[in-house]
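The chain contents come next:
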Amino acid sequence: MTASHILLLIGGYFFLLLLISYFTGKNDSNADFFKAGKQSPWYLVAFGMIGASLSGVTFISVPGWVESSQFSYMQVVFGYLVGYFVVSFILMPIYYRLNVTSIYEYLKERFGIVSYKIGALSFFVSRVLGASFRLFLVAIVLQQFVFDAWNVPFELTVVLSILLIWIYTFRGGIKTIVWTDTLQTLFMLISVGLSIYFINSKLGWSFSEFIASEELKEYSKVLFTDDFYAKNHFIKSFIGGMFITICMTGLDQDMMQKNLTCKNLKDAQKNMVSFSLILIVVNFVFLLLGALLFIYASKFDIATPLMDGEPKSDLLFPEIALNSGLGVT
């Protein structure tokens, strides 16, 4: 796949996002901008939250962890599941009872205006830092595999990326984000499925043969319980995953805002529970992709790309997708 193909795909995707923004951003009332009129179907929100929770960072980074940590990430994902149930049945009833627009309004009612402002400011700072990291990782991939060939400065790559994101979110509000998250999830799941299919085809395997292969067994250990002091011990990973979800979803305005667009609490809880169960399966599929990438790289002698002179496993997926002879598909 050439740089021109990549830019055409990105251009087509952003055109579709702008089209969605146009049709979902016609009503400028506050109720629609912040809560989508509380008319979002719960299943649409649930599906879209998969893409919002995973993002492009998961697509690139989670498969890259497999070589060093195997499938230990699933221990964290199991913790996520418990955390989502805490959010669904403890935090969301509070938000719906108070009919909040910002979840930090609860802090104002419970602890006062100073607590409310600190909570909102903390969210803003953490969101900027998190979004910056995700944008940085995606921009690195675009720079290395597209814009370096045209001598485009990295700073310009970042500015253009931010500008495109700002354009489609400027008018649409939360309704636009719900629909674009759904679109992102759809394309992400199609992409990971096609990636697994085409790499397996190149290896001469069916999916069932891949699952039964000895090569996969070298990467697929899930539970680590031998050394409590190891960073990937099950108990630490599980509890960490639980609190990550409670803090980064249940106490995060961006993630909870989507849930507040559902018609009622019952729909929002159905959204959260179904989403959390599907997320386990999706993360496992991403780890399967990671194992497949390293198996493929080993069989075809593909080296992990370097960044600043060091191997960077995050770049293995784009390296294989773009430069290993898989073709445009």
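The numbers attached to residues start from 1 for each chain and follow its sequence in the written order. Residue-level local features of this predicted model are given only where pLDDT is at least 70; pairs of side-chain atoms are given and counted only at 80 or more, and the full residue set underlies all totals for whole chains, interfaces and linings. Each side-chain value is derived from all of the structure's non-hydrogen atoms; neither hydrogens nor water enter the calculation.

Here is the rule: rings of Phe, Tyr and Trp (six-membered ring for Trp) pair when centre to centre is within 6.5 Å. Planes less than 30 degrees apart are stacked, more than 60 are edge-to-face, and the remainder are tilted. By the definition in use, this model includes 16 aromatic pairs. An aromatic cluster of three or more residues is present, and its members are Trp65, Tyr73 and Tyr80. A ring is scored as having a charge over it whenever the NZ atom of a lysine or the CZ atom of an arginine sits within 6 Å of its centre and within 35 degrees of its normal. Of note, Lys108 hangs over the ring of Tyr116, and the distance from its end group to the ring centre comes to 5.8 Å. One cation-aromatic arrangement involves Lys221 over Phe224; the distance from NZ or CZ to the ring centre is 4.6 Å.

This paragraph deals with the environment of Pro93. Mapped onto the secondary structure, Pro93 falls in helix H4 (residues 73-98). Note on classification: 1.4 Å probe, protein chains only; a residue is buried when its accessible area is under 20% of the maximum for its type, exposed when over 50%, partly exposed between these limits. Pro93 sits in the partly exposed class, given a relative accessible area of 24%. It is 9.5 Å that separates the C-alpha atoms of Pro93 and Ala268, two residues lying 175 residues apart in sequence. Helix numbering and strand numbering both begin at the N terminus, where a helix is a DSSP run of H or I of at least 4 residues and a strand a DSSP run of E of at least 2.

On to the pattern of salt bridges. Should a side-chain nitrogen of Lys or Arg be within 4 Å of a carboxyl oxygen of Asp or Glu, the pair is scored as a salt bridge. The tally for this structure, following the rule as stated, stands at five salt bridges. Between Asp226 and Lys221 there is a salt bridge, and its shortest N-O distance comes to 4.0 Å. Here Asp226 falls in the exposed class, since its relative accessible area comes to 72%. Judged by relative accessible area, which is 34%, Lys221 ranks as partly exposed. Across the pair Asp267 and Lys270 runs a salt bridge, and its minimum N-O distance is 3.4 Å.

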